[in-house]
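Chain residues, written in single-letter form:
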Amino acid sequence: NLESYYQSRFAARTRRIQASTIREILKLTQEPGFISFAGGLPAADLFPTQRIAEATQRILLEHGPQALQYSTTEGYPPLREWIASRMPGASPENVQIVSGSQQGLDLFGKVFIDPGSKVLVEAPTYLGALSAFNPYEPRYISVSMDEEGLRLDELEAALEAHRPRFMYVLPTFQNPSGRLMGLERRKAIVELARKYQTPILEDDAYAELYFSGQPLPTLYALDQALGGGNVVYLSTTSKTLAPGLRVAWVVGPKPVIQKIVYAKQGADLHSPTLNQMLVYELVRDEGWYRAQIERIRQAYQTRCNWMLSALQKYMPEDMGWIVPQGGMFFWLTAPEGLDSLELLKQAIEEKMAFVPGQPFFADGSGKNTLRLSYSSATREQIEEGLRRLGRAAHRMLGRA
Ligand SMILES: Cc1ncc(COP(=O)(O)O)c(CN[C@@H](CCCC(=O)O)C(=O)O)c1O
């Protein structure tokens, strides 16, 4: 039958296509009374639902046939122009709309990775990128980080020794560790990448989620200042509008974008036409969009503070964490020897969930780390959820 036929003939081909830990936990935590800090779920209470309903109706009434018809793979021209206008040195031809930056990761992997290609990643890095790249069978080169990001000495040694196909970097509120890379480090990394002619894939999913201060320049912008051409940039409306719309973009040199267009033609023809037109209707109102982003920043700052005080109250004293300056996550480091996968099992007994850290490490390390998202939790859920986690952690660490 088909199943045994599949097992005999195809299982080898799909050996690198494995489950996403976040996606699998997300399914599990739908039970009532469950408190999950697993998925980086944007705050649903901040989705501009009413505005989306009105804009969608207006688009359908005024441009129905266009909104519901097939459209070009490159994406809705006004939206591409809006994105290009915010990226130094970019024109719409450098911009490709994709269905979530997750698709951008997949298509980039499809275009850049051969079996065995070396891909340089941060340790830890976004596990969704590993899920996207794995089917193309890369070999990962992991480089560790200090408090602000990639260590330059290790990075240069790795670039020299391995000449990787590209490096995947998250400079702004890194997922999962929350790190924010400073300007000097950003400049140094862009210069090193150019020196070793190693393209950077910059994933800027949390670009707008600063709690305070002004955004730092993107690696894309810093590379432009040196002549450009060495950074491919990803960002998304998932964290500023609504993730269910699946509207994101890739910005890069024309030959690369051209290949990503062709790959997308073979993947899904184009991203949803209506959703692209809707996103443009929302972001074109600069005043509203800035106010929306400000609402989100303030809400996440508040929820971050709630989680910080709950951590201080309930965690064993030898549990450490990085206090984020933006983004959605706390990254916890437990004492060596504490297996966060085992802790997750205990936590699930208490109807609480988080993402264990090991899937974020391409080199299989990080057993004693875990990621907590505060973005869509209420104050009560944070208090109760951390109390449950604290109970499980104290039990595991053998402390009453
Ligand atoms: C660095 C980074 N790059 C891409 C994505 C995917 O975002 P899109 O919605 O595809 O634009 C994300 C979103 N990651 C969230 C959401 C995952 C949602 C899920 O798998 O349920 C997380 O880490 O929990 C990200 O953090």
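Residues numbered from 1 in each chain as written. Predicted model: local features only at pLDDT ≥ 70, side-chain atom pairs only at ≥ 80, totals over all residues. Heavy atoms only, no water.

Attention now goes to the site of the ligand. Taken together, the neighbourhood of the ligand is formed by 20 residues, with Arg23, Gly40, Ser101, Tyr206 and Ser238 sitting nearest. Within the side chain of Arg23, one N or O atom sits 2.6 Å away from an oxygen atom of the ligand. Asn175 places a polar side-chain atom, nitrogen or oxygen, 2.7 Å from an oxygen atom of the ligand. In isolation the ligand offers 590 Å² of accessible surface; the protein chains occlude 92% of this area. Of all the cavities here, the one that holds the ligand is the largest pocket. For the shell around the ligand, the elements supplying multiple residues, two or more each, are helix H2 (21-28) and helix H5 (101-112). Here the shell around the ligand takes three residues from H2, the largest share from any one element. (Near = heavy atom within 4 Å. Polar contact = N/O pair within 3.5 Å; in protein donor to acceptor, adjacent residues only side chain to side chain. Areas by Shrake-Rupley, 256 points an atom, 1.4 Å probe, with all protein chains shown as cover. 1 Å grid on protein atoms, 1.4 Å probe; cavity = no way out; pocket = protein on both sides within 12 Å on 5 of 7 lines; lining within 4 Å. Sits in = over half its atoms within 2 Å of the grid points. Helix = DSSP H or I, 4+ residues; strand = E, 2+ residues; numbered from the N terminus.)

Attention shifts here to the nonpolar core. With 81 residues, the main nonpolar core has Phe133, Tyr168, Leu372 and Leu386 as its most contacted residues. Tallying contributions element by element places helix H12 (residues 286-314) first for this core, with nine residues. In this view, Phe133 contacts Leu105, Gly109, Ile113, Val119, Pro138, Tyr140, Phe166, Tyr168 and Leu201; residues no more than four positions away in its chain are not counted. Formed by 51 residues, the second largest nonpolar core is a distinct cluster that contains Ala90, Ile141, Ala242 and Leu274. (Core = buried A, V, L, I, M, F, W, Y, C linked by side-chain atoms within 4.5 Å. Buried < 20%, exposed > 50% of the residue type's maximum accessible area, 1.4 Å probe, protein only. Contact = heavy atoms within 4.5 Å.)

Taken together, Leu2, Tyr5, Tyr6 and Phe10 make up a surface patch of nonpolar side chains, about 410 Å² in accessible area. Mapped onto the secondary structure, Phe10 falls in the loop between helix H1 (2-9) and H2. Classification of Phe10 as partly exposed rests on a relative accessible area of 37%. (Patch = residues over 30% accessible without salt bridge, like charges linked within 9 Å, V, L, I, M, F, W, Y side chains within 5 Å. Salt bridge = Lys/Arg side-chain N within 4 Å of Asp/Glu carboxyl O.)

This part takes up the confidence of the model for the protein chain. On average, residues of the protein chain score 95 in pLDDT, and 100% of them reach the 70 mark or higher. As scored by the predictor, the complex reaches a pTM of 0.96 and an ipTM of 0.99. (pLDDT = per-residue confidence, 0-100.)

Moving on to the packing of H5 against helix H10 (residues 254-267). Running from amino to carboxyl end, H5 crosses H10 at an angle of 110°, the nearest separation of the two axes being 9 Å. Considering the angle they form, H5 stands roughly perpendicular to H10. Within the contact between the two elements, H5 uses Gln103, Leu107, Phe108, Lys110, Val111 and Phe112 and H10 uses Val256, Lys259, Ile260, Ala263, Lys264 and Ala267. In terms of residue class, the contact of H5 with H10 is built from eight nonpolar, one polar and three charged. (Axes fitted to C-alpha atoms, helices over the stretch in contact; angles between N-to-C directions. Parallel < 35°, antiparallel > 145°, perpendicular 65-115°, else oblique. Nonpolar A, V, L, I, M, F, W, Y, C, P; charged D, E, K, R; others polar.)

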